[in-house]
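A closer look at the structure
The primary structure of each chain is shown beneath.
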2 protein chains.
Amino acid sequence: MPSDRTRTAILAAAERLYADRGFGDVTLRDIVAAADVNLAAVNYHFGSKDELIAELFVTRSLALNRERLSELRAAEEVRGGRAPIEAVLRALVGPTLRGCLGPDNQRSTAARFMIRVSIESVPPIRRIRNREIDHLRKFVAAMARSLPGCSDVELYWGLHFALAMAQQTVRDSERLTKLSDGKCDVDDVDDIIERVVSVAVMALAGAWC
Amino acid sequence: MPSDRTRTAILAAAERLYADRGFGDVTLRDIVAAADVNLAAVNYHFGSKDELIAELFVTRSLALNRERLSELRAAEEVRGGRAPIEAVLRALVGPTLRGCLGPDNQRSTAARFMIRVSIESVPPIRRIRNREIDHLRKFVAAMARSLPGCSDVELYWGLHFALAMAQQTVRDSERLTKLSDGKCDVDDVDDIIERVVSVAVMALAGAWC
DNA sequence: GTCTATAACCCGATAGAC
DNA sequence: GTCTATCGGGTTATAGAC
């Protein structure tokens, strides 16, 4: 069990380096130097570089999904299983936006790692991403409970567009800041969440649910 | 001038290979083998691998921007410089969506290359991307002509969200197809353009322009 | 302008001693 | 579990014949 020290040190160093410099620019040798462990330890504990990256992503991804579902459950408990559509969408995009936006200096390593993931999309992560569909289905179901008259197709598009707006804001907040000369405040997380949610609601309502 | 044959062959082979297999999985040796030229020819004609990638992207990027602006100009000419906001947004997202969606088999190599760019975002391309802001400013200006009463901040957010929806649909059409069990038809390009445009218009109008 | 050949240096992965 | 040493193969880049 004390052997976990090496394993943990590798995970921490790798996440920090990937968050800071991106996947393309960090080698295993960089990681083992930062973690102060031997090069061969990475392959011993994780099998390969790709599996190390995959483990980092799975950990953060599960935590994000838990947070989303706990927000959803909290929202649905208030009025017996039928939350307003705004609350459902807020549970979907809120955790990501709260974690990945806001002042740089108070952003966690985990958050900066997930931003990097959404920008670079490296192969081992792309493979895992395909499994998150089951998680999204739970939100489609919750949206259907909120809007019983809405067709499935419109719900899918609404969820797709909500995630698109949230993701792109995380991925490219710099471009929006530059384009708007700072007039769009990407540090005002609550404002952004409400913007994304309200546009998504309009998309669903405008489709005549 | 006949020396351009080698140069052209390298560009064509590189674009096809990157489109098919992604940036991470294609080496210079793969490219020169496919182009049937010598390894040293890449450095002779382009200076480096990154500059080859950059040239591919700049070419396609300029073509896309030209197409957008020509659509915008056509829309504004109809009624003397004041196109409906729908037409402006259609000129912004239409060229990308028309090129990158629709049946796989009739997608050009150039389009598949640009899809790959939007998924993988490799360093030499990220550097160039930052220059496209001037291009987007022209669309902000056109949107302001369409909606004279709308505040700049709302225009920026509207453009940002419109691009977000278009980009995410291109990047992740597979997830939407799987999530919806094929009920969202990502091959119906005109439908998707109208969906993106109408949601973006609602976002702008809903902000009480 | 094109090619062969090769230099000098990265990378990830792994065999085998400890 | 940890280390050393190394393998195979990728990269840019260049010298020099043609």
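Residues numbered from 1 in each chain as written. Chains lettered and ligands numbered in written order. Predicted model: local features only at pLDDT ≥ 70, side-chain atom pairs only at ≥ 80, totals over all residues. Heavy atoms only, no water.

Once that is clear, we can look at the domain arrangement of chain A. All names here are of chain A. On domain assignment, one finds that chain A holds domain 1 (1-47) and domain 2 (65-206). Distance from the C-alpha centre of domain 1 to the C-alpha centre of domain 2: 30 Å. On the side of domain 2, 9 residues touch domain 1, which itself brings 9 residues to the contact. Between domain 1 and domain 2, roughly 780 Å² of surface is buried when both sides are summed, and carbon and sulfur atoms account for 63% of that area. Remark: the boundary between domain 1 and domain 2 carries 1 salt bridge. Between Asp20 and Arg112 there is a salt bridge, and its shortest N-O distance comes to 2.4 Å. The tally of links from domain 1 across to domain 2 stands at 4 residue pairs in polar contact (both at pLDDT 80 or more). (Domains from an automatic or database assignment. Contact = heavy atoms within 4.5 Å. Buried area = accessible area lost by both parts, 1.4 Å probe. Salt bridge = Lys/Arg side-chain N within 4 Å of Asp/Glu carboxyl O. Polar contact = N/O pair within 3.5 Å; in protein donor to acceptor, adjacent residues only side chain to side chain.)

Each of the two chain copies goes to the other by way of a rotation about an axis and a shift along it. The two copies are related by a screw motion: chain A maps onto chain B through a turn of 180 degrees and a shift of 0.2 Å along the axis, at an RMSD of 0.2 Å. When the rotation and shift are considered jointly, the pair of chain copies conforms to a two-fold rotation axis. The residues that chain A uses at the interface reappear at the interface of chain B in 100% of cases, marking a shared surface. (Least-squares fit on C-alpha atoms with pLDDT ≥ 70 in both.)

A few words on the packing of aromatic side chains. Following the criterion strictly, the structure yields 6 aromatic pairs over all chains and no others. With a centroid separation of 4.7 Å and an interplanar angle of 35 degrees, the aromatic rings of Tyr18(A) and Phe23(A) are classed as tilted. For the pair Phe23(B) and Phe113(B), a centre-to-centre distance of 5.8 Å together with 75 degrees between the ring planes defines the contact as edge-to-face. Of this pair, Phe23(B) sits in the loop between helix H1 (4-21) and helix H2 (28-35) while Phe113(B) sits in helix H6 (residues 109-120), placing them 90 residues apart in sequence. Using a relative accessible area of 0% as the deciding quantity, one classes Phe113(B) as buried. By way of ring pairs, the aromatic residues Tyr18(A), Phe23(A) and Phe113(A) are connected into one cluster. (Phe/Tyr/Trp six-rings, centres within 6.5 Å; stacked < 30°, edge-to-face > 60°. Helix = DSSP H or I, 4+ residues; strand = E, 2+ residues; numbered from the N terminus. Buried < 20%, exposed > 50% of the residue type's maximum accessible area, 1.4 Å probe, protein only.)

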